[in-house]
Amino acid sequence: MNQSNSGSGLAARWQAVRERVDAACRAAGREPSEVTILPVSKTFPIEVIREAVGLGLHRFGENKAQEIKAKFAPLADCAIAWVMIGHSQTNKVKEVARYASELQSLDRLELAEALHKRLQIEGRALDVLVQVKTSSEETKYGLPADELPGFLDALRGFDTLRVRGLMTLAVHSGDECEVRACFRMLRELRDQARIVGHDVARLSMGMSGDFALAIAEGSTEVRIGTAIFGERAYPDSYYWPERSPAS
Ligand SMILES: *Cc1c(COP(=O)(O)O)cnc(C)c1O
């Protein structure tokens, strides 16, 4: 890799992440082509995302609707697909409906209804993943697992929402067994949903710290921020309320 014209190290980190993801696939007896990497660019500025576009990346995860909106126009020439992965407030559906290509954090009927209304106005449809709560951590967003079958049935009523799969955040723990159990649970929920006819092939699970475990449990998409872009300048509690210490 030639990174001499770029002091940021982004190219080298991206390359290293792709190699680590590929290695995790092979270790799990899977093809690297089965696992997509979603670079998570939240908190990183326009110039950094432009540099990533230069590396061939065109799809980025963000966890705030306002941030997607702010980045959309300055990067409009890059044909980026913006993926909303954070908790969506119902009053922010306008931004999601207008600027996002996909929402991975659909976790309640109220949000589906609000999005559907707004998408009809925008004349658009949106790929969605249902975010499921797979750990008992109090702070985690996500649909309770036992509500998933009924929720997927209800989503059939919204033709603007194309349900593609499931998403989760594993428990924040050093215990690999606990983390893996979250990923395994999402895979099993996906398999059960497919048996009853839901088209939910995708499993978005795994982040910088736990993607190898997620891949071993069948992840089809890992959401990687820190390992690609470096440490975020803001604490996670600012951009990521669900990981903030109990207040
Ligand atoms: C920030 C974020 C990620 C990426 O986290 P890293 O640990 O930086 O890789 C993944 N998923 C969600 C929902 C996020 O908000």
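Cut-offs applied
- Residues numbered from 1 in each chain as written.
- Predicted model: local features only at pLDDT ≥ 70, side-chain atom pairs only at ≥ 80, totals over all residues.
- Heavy atoms only, no water.
- Helix = DSSP H or I, 4+ residues; strand = E, 2+ residues; numbered from the N terminus.
- Rg over C-alpha atoms; globule rule 2.2 N^0.38 Å.
- Buried < 20%, exposed > 50% of the residue type's maximum accessible area, 1.4 Å probe, protein only.
- Contact = heavy atoms within 4.5 Å.
- Areas by Shrake-Rupley, 256 points an atom, 1.4 Å probe, with all protein chains shown as cover.
- Lys, Arg positive; Asp, Glu negative; His and termini not counted.
- Charge placed at Lys NZ, Arg CZ, Asp CG, Glu CD.
- Phe/Tyr/Trp six-rings, centres within 6.5 Å; stacked < 30°, edge-to-face > 60°.
- Near = heavy atom within 4 Å.
- Polar contact = N/O pair within 3.5 Å; in protein donor to acceptor, adjacent residues only side chain to side chain.
- Nonpolar A, V, L, I, M, F, W, Y, C, P; charged D, E, K, R; others polar.
- Expected span 1.5 Å × (residues − 1).
- Arc of directions from axis to C-beta.
- Salt bridge = Lys/Arg side-chain N within 4 Å of Asp/Glu carboxyl O.

Another aspect to go through is the overall build of the protein chain. Per the secondary structure count, the protein chain includes ten helices and nine strands. The globule rule puts the C-alpha radius of gyration for 247 residues at 18 Å, and the 17 Å found for the protein chain is close to it. Across the 247 residues in the protein chain, those meeting the buried criterion constitute 51%. A separation of at least 24 residues holds for 59% of the contacts in the protein chain among residues at least 6 apart in sequence. In the form shown here, the protein chain has an accessible surface area of approximately 11,200 Å², with 51% of it arising from carbon and sulfur atoms. Within the protein chain, one finds 32 positive and 34 negative side-chain charges whose respective centroids are separated by 4 Å.

Going through the model one piece at a time under the given rule, you end up with three aromatic pairs. Arranged with centres 6.0 Å apart and planes meeting at 40 degrees, the rings of Phe60 and Trp82 form a pair that is tilted. With Phe60 in strand β2 (residues 59-62) and Trp82 in strand β3 (residues 81-84), the pair connects residues that are 22 residues apart, well separated along the chain. Trp82 carries the same exposure label as Phe60, and that label is buried.

A few words now on the environment of Thr160. For Thr160, the location among the structural elements is in the loop between α6 (148-155) and β7 (161-167). For Thr160, a relative accessible area of 7% puts it in the buried group. For the pair Thr160 and His116, spaced 44 residues apart in sequence, the C-alpha separation works out to 5.9 Å. In this view, Thr160 contacts His116, Leu119, Gln120, Arg124, Ala125 and Leu126; residues no more than four positions away in its chain are not counted.

We now examine the site of the ligand. Every one of the 13 residues lining the ligand counts as a neighbour, but Lys42, Ser208, Gly225, Thr226 and Arg232 are closest to it. In the model, an oxygen atom of the ligand is placed 2.8 Å from a nitrogen or oxygen of the Gly225 main chain. Here an oxygen atom of the ligand sits 2.5 Å away from a polar atom, N or O, in the side chain of Thr226. In isolation the ligand exposes 390 Å². Once the protein is present, 96% of that is buried. Considered class by class, the residues forming the shell around the ligand number six nonpolar, four polar and three charged.

The α-helix advances 3.6 residues per turn, and as a result positions three or four apart in sequence lie on the same side. With 20 residues, helix α7 (residues 176-195) should reach 28 Å at 1.5 Å per residue; the first-to-last C-alpha distance of 29 Å fits that figure. Among all positions in α7, only Val179, Cys182, Phe183, Leu186, Leu189, Arg190 and Ala193 are buried. Within α7, the buried residues cover an arc of 115 degrees as seen down the axis, which keeps them to one side. Counted as exposed and oriented over 90 degrees from the buried face of α7: Glu176, Cys177 and Ile195. Its side-chain oxygen 2.9 Å from the backbone nitrogen of Cys177, Asp175 forms the N-cap of α7.

A few words on the environment of Gly157. Within the secondary structure, Gly157 is located in the loop between α6 and β7. Residue Gly157 is classed as exposed on the basis of its relative accessible area, which comes to 57%. When the C-alpha atoms of Gly157 and Ala112 are compared, they prove to be 9.9 Å apart, with 45 residues separating the residues in sequence.

Before going further, it helps to spend a moment on the pattern of salt bridges. The full count for this structure, using the stated rule, is 19 salt bridges. Across the pair Lys71 and Glu62 runs a salt bridge whose closest N-O atoms are separated by 2.7 Å. As a salt-bridge pair, Glu102 and Arg202 come within 2.7 Å of each other at their nearest N and O atoms. With Glu102 in strand β4 (residues 102-106) and Arg202 in strand β8 (residues 202-204), this pair connects stretches of sequence that are 100 residues apart. Accessibility expressed as a relative area gives 4% for Glu102, which makes it buried. Each of the salt bridges in this network shares a partner with another, and the network as a whole consists of Arg59, Glu102, Arg202 and Glu221.

From the geometry alone we can't say anything about function, so treat these as descriptive.
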